[in-house]
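Summary of the model geometry
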Amino acid sequence: MADDERDGVTLSSLDSPLGDGLGVTKRQLVDHLDAVADRLVPLLAGRPLSVLRVRPGQPPFMQRNVSKGAPDWVRTVAVWAESAHREVHQVLCDDRRTLLWLANQRAVEFHVPFLPAGSREPTGLVLDLDPPDGADFSAVVATARLARQALEDPGLAGAVKTSGSSGLHVVVPVHGSPVEDVAAATRALAHRTARLDPAIATTAFLKEERHGRVFVDSTRSGTGTVVAAYSPRVRPELPVSAPVDWADLDTVRPGDVTVASGAERLGDWSALLPEPQRLPAELVAEGHTIPVARVAAMHEGKRRARERRAADDG
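Residues numbered from 1 in each chain as written. Predicted model: local features only at pLDDT ≥ 70, side-chain atom pairs only at ≥ 80, totals over all residues. Heavy atoms only, no water.

1. Some points on the overall build of the protein chain
Assigned secondary structure in the protein chain consists of eight helices and 14 strands. Expected size for 314 residues packed as a compact globule is a radius of gyration near 20 Å; at 20 Å, the protein chain falls within 12% of this value. Taking the principal axes of its C-alpha atoms as reference, the protein chain extends roughly 65 × 55 × 40 Å. Out of the 314 residues belonging to the protein chain, those deemed buried represent 49%. The contacts of the protein chain with a sequence gap of at least 6 include a subset with a gap of at least 24, amounting to 71%. (Helix = DSSP H or I, 4+ residues; strand = E, 2+ residues; numbered from the N terminus. Rg over C-alpha atoms; globule rule 2.2 N^0.38 Å. Buried < 20%, exposed > 50% of the residue type's maximum accessible area, 1.4 Å probe, protein only. Contact = heavy atoms within 4.5 Å.)

Listed below in structure tokens is the structure:
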């Protein structure tokens, strides 16, 4: 039985628990997404969407292919899924109605690429700052400031938001560069960030090589995705990826803003983002000399496996 209807979307079971161990109702998720729709939808529009959904009694699951039985007004785009070796049809969340439909399906996390559908030029890049388990958040804040300095040195600017989990995202709007060059520039910026203070920051992809330092992850730029500002995360109380003014960074802590704390506590991400910038050629060139972190880690893992086998045989 329907509990509500908004923008022509039938919303059901609003007062039931959203999912196991989350401590919120489905209504709280719907109300949050509706309250931020005017700010969230422009960040999602025109981009192939991946959503993390929840259901009571089941583990969360990532969904890229549109649900069967979706209304005919839900727009999709065909995308080749390399991991699945097939074409999937991902939702384009271009309006409030589609956002509410996704909310009714218990879609909690909204992950988008910097690459709009049909484009070959990303609109941004991100440095994902991931702290080690148990680290004080001040280390992440300090690393964000290193990232800001690494950006300013070649004349770039970025904005910062919480990841909604334990880290921060430093986002840089760009234009005029293909995927490969944006990914390369991200690697160069990550390495420059870590070099500014290698005691607290690292680009080591393998956890055992980080030694308690904040991981500056460059792998979400290019063809990767990042959770959108204003998106909740699948954590207790549903913390939100919240825009932060650089001047307020010292006062921010993960989980400060949740779906229950009110959308009025969320800043204006569009006002914090600088205008799109062209990437300096020397930054791109530097990045092309740096191996892709995942690929380098894969080769290192194979090398270590060979050494273990050789030792066992010996």
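2. Examining the sheet that holds strand S7 (residues 107–113)
Spatial ordering of the open sheet is given by S4-S3-S7-S13, a layout of four strands whose pairing is antiparallel. Strands with a single pairing partner mark the edges of an open sheet, and in this sheet they are strand S4 (58–63) and strand S13 (225–227). Averaged over all pairs of adjacent strands, the angle between their axes in this sheet comes to 25°, without regard to strand direction. Pairing between strand S3 (residues 50–55) and S4: four bridges, direction antiparallel. Across the sheet, residue arginine 55 finds its bridge partner in S4, namely glutamine 58. (Pairing = 2+ DSSP bridges. Axes fitted to C-alpha atoms, helices over the stretch in contact; angles between N-to-C directions.)

3. Thoughts on the UniProt feature "domain: DNA ligase D polymerase" (unreviewed entry) in the protein chain
Mapped onto this structure's residue numbering, the UniProt feature "domain: DNA ligase D polymerase" (unreviewed entry) falls at residues 25–267. For residues 25–267, the helix share is 25%, the strand share is 24%, and the end-to-end C-alpha distance is 24 Å. (UniProt positions renumbered as here; feature names shortened; annotations may be inferred.)

4. A closer look at the packing of aromatic side chains
A complete count under the given rule lists one aromatic pair for this structure. Consider the rings of phenylalanine 205 and phenylalanine 215, whose centres lie 6.1 Å apart with planes at 80°: the pair is edge-to-face. Remark: phenylalanine 215 occurs in strand S12 (residues 214–217) and phenylalanine 205 occurs in the loop between strand S11 (201–202) and S12; sequence separation between them is ten residues. You can call phenylalanine 215 buried: its relative accessible area is 4%. Just above the ring of tryptophan 73 sits the side chain of arginine 97; from NZ or CZ to the centre is 4.1 Å. Cation over ring: arginine 210 sits above phenylalanine 215, and NZ or CZ is 3.9 Å from the ring centre. (Phe/Tyr/Trp six-rings, centres within 6.5 Å; stacked < 30°, edge-to-face > 60°. Lys NZ or Arg CZ within 6 Å of the ring centre and 35° of its normal.)

5. What about the layout of surface pockets?
What the largest pocket holds in volume is close to 580 Å³. Along the wall of the largest pocket there are 20 residues; nearest its centre are Val79, Trp80, Gln90, Thr223 and Thr225. Breaking the lining of the largest pocket down by element, the ones donating at least two residues are strand S5 (76–81) and strand S6 (86–91). A total of five residues in the lining of the largest pocket trace back to one element, the largest contributor, which is S5. Of the residues contributing to the lining of the largest pocket, the split by class is eleven nonpolar, seven polar and two charged. At the level of elements, helix H2 (37–44), S7, strand S10 (168–173), S13 and helix H6 (269–272) are the ones that each hand at least two residues to the lining of the second largest pocket. Take the lining of the second largest pocket: its biggest share by element is four residues, from H2. When its residues are assigned to classes, the lining of the second largest pocket shows 16 nonpolar, three polar and five charged. (1 Å grid on protein atoms, 1.4 Å probe; cavity = no way out; pocket = protein on both sides within 12 Å on 5 of 7 lines; lining within 4 Å. Points joined across faces, edges and corners; volume = space filled by probe spheres on them. Nonpolar A, V, L, I, M, F, W, Y, C, P; charged D, E, K, R; others polar.)

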